[in-house]
Structures are given as structure tokens and as C-alpha cells.
Amino acid sequence: MPALAVAESGNGKDFPAKLTGQVLVCSIIAAFGGLMFGYDIGISGGVTSMDDFLLSFFPSVYEKKHRAKQNNYCKYDNPYLQLFTSSLYLAAIVASFFASLFCRKFGRKPTMQAASVFFLVGAILNCVAQNLGMLIAGRLLLGAGVGFGNQAVPLFISEIAPPKYRGGLNICFQLLITIGILVANLINYGTSNLHPYGWRVSLGGAAVPAIFLLLGSCIIVETPASLIERGKEEEGLYTLKKIRGVQNVDKEYEEICQATELAKLIKHPYRSLLKKNNRPQLICGTIIHFFQQFTGINIVMFYAPVLFQTMGFGSNASLLSAVITGVVNVISTLVAIAFVDKFGRKILLVQAAIQMIITQCAIGVILKLDLKDTNTMSDTMAKVVVTLVVIFVAGFAWSWGPICWLISSEIYPLETRNAGYFFAVSMNMLCTFIIAQAFLSMLCHMRWGIFFFFAGWLVISCTFAAVMLPETKGIPIDEMIDRAWKKHWFWKTYFKNDDNGCTRCQEMGLGAKTEQKLAE
């Protein structure tokens, strides 16, 4: 029997809703956009450590890797090898802008379908690549898929989920990312011994989640907010009743309609984001994705096999270690699903940041003492480093990994939601590109110091989460301004305190005529 949730708004309204099977199925199918993203994150690091792949596309890296006296930290330092990983995220930045426009005009569902098509074609091109140009072209198409998917999926889940369960359901997106990483690591472990085309199987496997999302997206519903925003009021009301599992949805429907009327009056949502009352959401929703990437997580997720080989693990052992971190990643994300709507967003972010700071510093100290330029670490110390990496990944997986996507999808009002979320996705992809493109060179030049570099950013991230982020747990999306931002010690100064008339209109500077139009 579905659980009944009642979300209380800031104006005393009650939004009754059940956690229906429709919402669960739609959330899981949509979250396969995260599986596509995660699969690519996990697959690239394993493939770049395979000798057959390196011989086909990066023979100079292959030679350095097997050179007897090669510097441990510089085996994989090659700009083109880094471009193989990072090109996807550069394409995703551009794609996410067009996805934000596409999402608003055509809806969340068609945007996810477009993502799956891009990803499917990119996976096929990577699988049959004969030269570096084909390989990079496939990565760019995969990037377009990531840009469209990451733009649409979290918004879709946040808009169909009851407020009481929004956090846990939205983290299904991150859960599927972690499962995608784990599946990729398992496939890499299996295909590493399939000579000479194991890497083609690994890269081509990305087509499977793309096909599932393409077919699954044909049976899911569109979100009521998107339907109403595009003038399909009756269909929006019907869908709202369907996903809530109750008939008395008039109050929630009315609030969505009011938000839609405001959204229609905003002709330039990107310009509107720069207004004073929208700056808190823009700043927080964007900068947390900068902090997420500068936790250093992708030095583990992208390059785990490379990193473990640097420490002296053999090829198979390094891939197996990556599998272990992948398992921990999935399990820890389940922790986030269980507790994010119980304890809230901020406490998980702060706790995990402290945990990750400690592990990063410990790894840096061990590498400084035990891994020189040409030696191999002792088995004991190598296992300690793997254990620390596992603890680091666990902290990220129940905090900064899923919660940043969740916060960015729930803090914006409808009129700037797509535009605001574009900045979040773009910041995430830009920082991911920077880390992916620079890490191997940073590892070569900074050596063990790279872990202290990321630990320093974690200190800043922890402080920001504790001091500057408002708590958004359990608050209906269209009540965020009144119940979160206006109550924050700092951000409340960005909002007027005049409660007469249409407060949102006054905050947005739309004037008395708009108030009258909305009243009518």
C-alpha cells in the first residue's frame, strides 16, 4: 500500500500525495540517464589502462608505461590520452545549454529521449573506431547525451516526486551513476583479457543503458509542471492526479499554475537569473558543483586503475581494486537515499567533507613517505591506500555526489528552473573537464601533493556548506523562497520583506500590472 505524504506549504496549504508505483517506476527509468553517465565515468579509466587500447591509439604512452625506469607518477602523462576522457565533458557543457532550451520548449521526457539517441550513436562510434578522430567524435556525441540527460533527469524526478520523498527519489539518479561506474569496472575487469578487442566491448557496452532509457522513456509520464507550462492544463491536471494517487490535488495544481503564469512572463530567464532575488539560488546552485568536482572524486572514478598501477598494482589487481571502490560507491549511495530526507542535506555534506579531508591527507602522507619516483610500494601500504580510497569514496557517495544534484534541481522557481539548472550542469561538466584533462599532468608534477591540493578545497567546501547553504529538506519546490532563502541569515537580505500584494512579483520587479493579471 503506497504511503501517504502530506506536504505543508508556507501558506498553510496541504498537498496530499501517495508514494505511488507510477512515481517509483518513472523515477527509476529516468535515472537510467545516470547509469549512462556513470558507465562512461567508469569505463574510460579502465580502457586507458589496457595495453591493446594504448597500442591502437596511444603507442607512446604504451612505451612509457613499460619502460623499466619510468617515473611512477608520469607513466600516463599524455595530453591526447587526457583528451579522450575529457572531450566528453567539454561537449556536455555546450549540449546542456541547448538542452535547457529544449527542455523548456518540448518537455523533460523528449529531452531524455534525445539524450539516449546521442549516447547510443556515440557508443557505436567508439566501438568501431579505427582512428583517434573517430574515437574523439564518439566521445563528443556521448558528451551531448550526458548534457541532455543531466539537464533533464534530476528536474524530472524533482517535479514528479512528493516533497517528503523528493530527496531519496532524486538520489536514484546518483545511485544509477554509481551502479554504472560499478558495471563499467566489472566489464573492464572481464574484457581486459579479451585480446585484442576487449576495449571495444567495454566502449560498446554504453549502448545498453542508452537503449533501455530510449525504450523506457516511451512509457513514462511528462511532469505536470512541464505540461502546464506548455499550455496543456487538462493533461497536467490528469497527470498530477495520476502520480499523486489522490483526487484532491487542486491546491498543488493551483500553485503550479500560478508559478507557470509567472514563468510565462519571463521572456529572458537567463537575464532574470542576474536579478538580486535570484542570485542566492544561482550562486549556491552553481558553486556546489564546483566544490563537488574539487573534492578530488574523479581522480578515483576516472583514473582508479591508472592510480592503482602507479602505486605498483598489476593490471588485473588495479582493475579489481577499482571494482571494490565501485561496490562501496553503490552501497554508500543507498545510505544517502535512506537518510537525506531524515537528517537533511547540510549535515551529510559537512560530515562527509570532514571524512574526505582526513583520508586525502592520509593518502598524501603515505605516498610522500612510501612511493618515490621509481620504486614500488609495499603490499601493506598499498592496501592501506586502497582502504583510505574506499573510505573517501563512501563519504562522497552519501553526500557531495548525490546531494549537489538534488539541491540544484529543487531550489529554483519554475520561471528560472531550466536556466538555473543549466548553470549547475555546466559548472559540473566544466570542472569535470578540467580535472579529467589536467589530472595526469598534475599527478606527474605535483606527485603526492595533489591529494593535499584537493583536501584544501574540501576545507573550503565544508565551510560553505555549514555556513552558506540553507536546509531544503521537505520543502515544496514553489515554497523555497519563503521557507528557505528568506530565513537564511545572509541570503534573506536579497529579498524584500513587503508581504502586500504579489510578493514574487515585487521581488522580480514585475510591477502592479502583473499582480493584477495574476489575480484575474
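Criteria and thresholds
Residues numbered from 1 in each chain as written. Predicted model: local features only at pLDDT ≥ 70, side-chain atom pairs only at ≥ 80, totals over all residues. Heavy atoms only, no water. Helix = DSSP H or I, 4+ residues; strand = E, 2+ residues; numbered from the N terminus. Buried < 20%, exposed > 50% of the residue type's maximum accessible area, 1.4 Å probe, protein only. Contact = heavy atoms within 4.5 Å. Phe/Tyr/Trp six-rings, centres within 6.5 Å; stacked < 30°, edge-to-face > 60°. Lys NZ or Arg CZ within 6 Å of the ring centre and 35° of its normal. Core = buried A, V, L, I, M, F, W, Y, C linked by side-chain atoms within 4.5 Å. Expected span 1.5 Å × (residues − 1). Arc of directions from axis to C-beta. Salt bridge = Lys/Arg side-chain N within 4 Å of Asp/Glu carboxyl O. Axes fitted to C-alpha atoms, helices over the stretch in contact; angles between N-to-C directions. Parallel < 35°, antiparallel > 145°, perpendicular 65-115°, else oblique. Left-handed = near helix turned anticlockwise from the far one by under 90°. pLDDT = per-residue confidence, 0-100. Polar contact = N/O pair within 3.5 Å; in protein donor to acceptor, adjacent residues only side chain to side chain.

Per an unreviewed UniProt entry, the chain goes by the name Sugar transport protein and belongs to Melia azedarach.

Give a detailed account of the overall build of the chain, specifying residues and quantitative values.
The secondary structure content of the chain amounts to 26 helices and 2 strands. By the burial criterion, 62% of the 520 residues in the chain qualify as buried. Within the chain, counting contacts between residues at least 6 apart in sequence, those at least 24 apart form 79% of the total.

An account of the packing of aromatic side chains is requested, with residue identities and associated values reported.
Enumeration over the complete set of coordinates arrives at 32 aromatic pairs. By way of ring pairs, the aromatic residues Phe290, Phe291, Phe294, Phe453, Phe454, Trp457 and Phe464 are connected into one cluster. It is lysine 276 that lies over the ring of tyrosine 494; its NZ or CZ is 5.9 Å from the centre.

Please set out the nonpolar core residue by residue, giving values where relevant.
The biggest cluster of nonpolar side chains holds 145 residues, and the ones touching the most others in it are Phe53, Trp400, Met429 and Trp485. Top element by residues in this core is helix α22 (residues 417-446). It accounts for 12 residues.

Got a sec to walk through unusual backbone geometry? Specific residues and values, please.
Leave glycine aside and you will find that most residues have negative phi; peptide bonds, for their part, are mostly trans. Omega for the peptide link from histidine 195 to proline 196 comes to 0 degrees, which places this bond in the cis form. With respect to the secondary-structure elements, proline 196 resides in the loop between α8 (166-191) and α9 (198-204).

A description of helix α12 (residues 233-244) should follow, citing residues and the corresponding values.
Its 12 residues place the ends of α12 16 Å apart at the C-alpha level, agreeing with the 16 Å of an ideal helix rising 1.5 Å per residue. Among the residues of α12, those classed as buried are Gly236, Thr239, Leu240, Ile243 and Arg244. Buried positions in α12, seen along its axis, are confined to an arc of 120 degrees and lie on one side of it. Turned more than 90 degrees from where α12 packs its buried face, Glu234 and Tyr238 sit exposed.

Tell me about the side chain of asparagine 170, and please be specific about residues and values.
Mapping asparagine 170 onto the fold places it in helix α8. If sequence neighbours within four positions are ignored, asparagine 170 has contacts with Pro154, Ile157, Ser158, Trp405, Leu406 and Ser409.

Talk me through the environment of tyrosine 494; I want residue IDs and the actual numbers.
Looking at the element boundaries, tyrosine 494 is found in the loop between α24 (480-483) and α25 (503-508). Using a relative accessible area of 19% as the deciding quantity, one classes tyrosine 494 as buried. With 216 residues separating them in the primary sequence, tyrosine 494 and asparagine 278 have C-alpha atoms 8.2 Å apart. What tyrosine 494 contacts, discounting residues up to four positions off in sequence, is Lys276, Asn277, Arg279 and Pro280.

Could you give me a rundown of the pattern of salt bridges, with the residues and numbers involved?
Enumeration according to the criterion identifies 10 salt bridges in this entry. One salt bridge connects glutamate 229 with arginine 104, and the closest N-O pair in it is separated by 3.4 Å. Within this pair, whereas glutamate 229 is found in helix α11 (residues 224-229), its partner arginine 104 is found in helix α5 (residues 79-106), the two being separated by 125 residues in sequence. Glutamate 159 serves as the salt-bridge partner of arginine 108, at 2.6 Å between the closest nitrogen and oxygen. Taken together, the residues span a long stretch of sequence, with arginine 108 in helix α6 (residues 108-127) and glutamate 159 in helix α7 (residues 132-160) at a distance of 51 residues.

Summarise the packing of α6 against helix α10 (residues 207-216); cite the residues concerned and give the values.
Their axes nearest at 8 Å, the elements α6 and α10 cross at an angle of 155 degrees. With respect to α10, the element α6 is oriented roughly antiparallel. Considering how the two elements wind past one another, α6 and α10 form a crossing that is left-handed. Along its contact with α6, which presents Met112, Gln113, Ser116, Val117, Phe119, Leu120 and Ala123, the element α10 presents Ala207, Ala210, Ile211, Leu213 and Leu214.

Explain the confidence of the model for the chain to me, and be specific about the residues and the numbers.
Mean pLDDT for the chain: 82, with 85% of residues reaching 70 or above. Confidence drops under pLDDT 50 across residues 498-502; counting only partners more than four residues distant or on other chains, this segment forms 7 contacts.

So what's going on with the side chain of glutamate 410? Which residues, and what values?
Along the chain, glutamate 410 turns up in helix α21 (residues 400-410). At 2.8 Å, the side chain of glutamate 410 and the side chain of arginine 166 are in polar contact. In this structure the side chain of glutamate 410 is engaged in a polar contact, spanning 2.5 Å, whose partner is the side chain of threonine 472. If we ignore the near neighbours within four places in the chain, the residues touching glutamate 410 are Arg166, Arg345, Thr472, Ile477 and Met480.

Please provide a residue-by-residue account of helix α15 (residues 279-293), values included.
Every α-helix winds through 3.6 residues per turn, so residues three or four apart in the chain are directed the same way. Taking 1.5 Å per residue, 15 residues should reach 21 Å; α15 reaches 22 Å between its end C-alpha atoms and fits that length. Within α15, 12 of the 15 residues are buried, which leaves the element mostly enclosed by the surrounding structure. Turning to α15, its buried residues number three or more, namely Pro280, Gln281, Leu282, Cys284, Gly285, Thr286, Ile288, His289, Phe290, Phe291, Gln292 and Gln293.

Any chance you could break down the environment of threonine 493 for me, citing the residues and the numbers?
Position of threonine 493 relative to the elements: it lies in the loop between α24 and α25. The spacing of threonine 493 and proline 280 is 213 residues in sequence and 9.9 Å in space, taken between C-alpha atoms.

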